[in-house]
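# Residue-level structural notes
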Amino acid sequence: MGNLIGKTKKGNKAPKAAKAPKASKASTPAPASAPAPAAQAKPQHIDNIAATSTAAAAPATQNQKQSVAPASAAPATTSSSKATTKTIDVDRELHKYVIGTKGVNVKQIKDSTNTEITIPTDSDTITVTGENSNDVDRAIEMIKKIKSEHKTQAQKDQDHKNLVDEHEKESQRTEELYKKNQAEVDKIAQKRQQLFDQAEKEYAAGNKDKARELREEAKAQTALMEEAQKKAARAVFNDKNSKLDKFTIDLHGLQTKDAMELLEERMNSIKGSGKLFTIITGAGNHSDKNGPKIKPLVHQSLKDKGISFEEVNNGSIQCTI
């Protein structure tokens, strides 16, 4: 019995000895390795992110490569297509004005319009190149402005010839106008002379009263003649000044007396205006060997009145009334 009990106790030890859990310590790595997948899950997650990032980046890189090539080529193509070149003809004699002193003019044009300007020494053609047409057009306009402000010697000579020819035509026209109106003056002058001649005869014959009467008639004809002369002068004056405003007066071609009377009349009508008054006296090119007649009289008249003036050219002056 005691043995049986003892055996039973020993038998009871069997389960104790069969502590499977301890024996499973050898398999503890299994539980320890069980978290391993969790530990690996983290790297996998990171790898997935990295892989996703890499995968996402790869197409971007390819896209970038695909877009970079055209982008780098595009500016060159665009720049080339937008570049504009135009030319303008400027006589070589005037190139120095486009260039300016020490190149100041051409530099200003280039800087303000962002263009390149080529001025040849053996051609009249100036070339302008710029990024776009507007810049080139602005440069062309600036060159045109400089060109318009200067003339070649040939142009100056032609202008002088044209001026002389125009003055000659104007002189002939004025003479014709005078002749047309002078006919009446000459007719009155002829009658006046006849009366004076008759008066002398009557006086010589002792008919003093008759002679006196004839002289009075002759004087009356003098007044009529002067009136006809003024009428002729005003007709010529009106024709010359028909296209001028009241602050410009053209006296050349008139008789000196008529010219000075018409000048005085005009000056009185605009006196106190404070505006610039231009008087065309003529240069006296058709005067006799004594030179111009009207010009010195006008100058002296203004000096006597205390009016200062300046010459615009050889045939006209300006003053303020």
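You'll find the structure just up there.
Everything numeric in this text was worked out from a predicted model, so none of it was measured.

What follows concerns the nonpolar core. Formed by 22 residues in total, the largest nonpolar core has its most connected members in Leu-251, Leu-254, Leu-263, Phe-277, Ile-279, Val-298 and Leu-302. Put simply, the parts of the chain that give this core at least two residues each are helix H9 (208-241), helix H10 (256-270), strand S5 (276-280), helix H11 (294-304) and strand S7 (316-320). When sequence neighbours within four positions are dropped, the list of residues in contact with Phe-277 reads Lys-246, Phe-247, Thr-248, Ile-249, Leu-263, Arg-266, Met-267, Ile-270, Ile-317, Gln-318, Cys-319 and Ile-321. If you look at the next biggest cluster of nonpolar residues, it comprises 14 residues, including Ile-88, Val-90, Ile-109 and Val-136.

You can see Asp-135 is positioned in helix H7 (residues 133-148). Given the relative accessible area of 13%, Asp-135 is considered buried. In terms of polar contacts, Asp-135 uses its side chain to reach the side chain of Arg-138, at 3.1 Å. In this view, Asp-135 contacts Thr-113, Asn-114 and Thr-115; residues no more than four positions away in its chain are not counted.

Moving on to the sheet that holds S5. One open sheet accounts for four strands, arranged S4-S5-S7-S6; its pairing is mixed. The sheet is open, and its two edges are formed by strand S4 (248-250) and strand S6 (309-313), each paired on a single side. This sheet shows a mean twist of 25 degrees between the axes of neighbouring strands, independent of strand direction. Two strands pair when backbone bridges link them, and S6 and S7 are joined in this way by four bridges, in the antiparallel orientation. Across the sheet, Glu-310 pairs through a bridge with Gln-318, a residue of S7. Sitting on the sheet, H11 touches S5, S6 and S7, and the angle it makes with S6 is about 155 degrees.

Each value, and the rule that gives it
- Residues numbered from 1 in each chain as written.
- Predicted model: local features only at pLDDT ≥ 70, side-chain atom pairs only at ≥ 80, totals over all residues.
- Heavy atoms only, no water.
- Core = buried A, V, L, I, M, F, W, Y, C linked by side-chain atoms within 4.5 Å.
- Buried < 20%, exposed > 50% of the residue type's maximum accessible area, 1.4 Å probe, protein only.
- Helix = DSSP H or I, 4+ residues; strand = E, 2+ residues; numbered from the N terminus.
- Contact = heavy atoms within 4.5 Å.
- Polar contact = N/O pair within 3.5 Å; in protein donor to acceptor, adjacent residues only side chain to side chain.
- Pairing = 2+ DSSP bridges.
- Axes fitted to C-alpha atoms, helices over the stretch in contact; angles between N-to-C directions.

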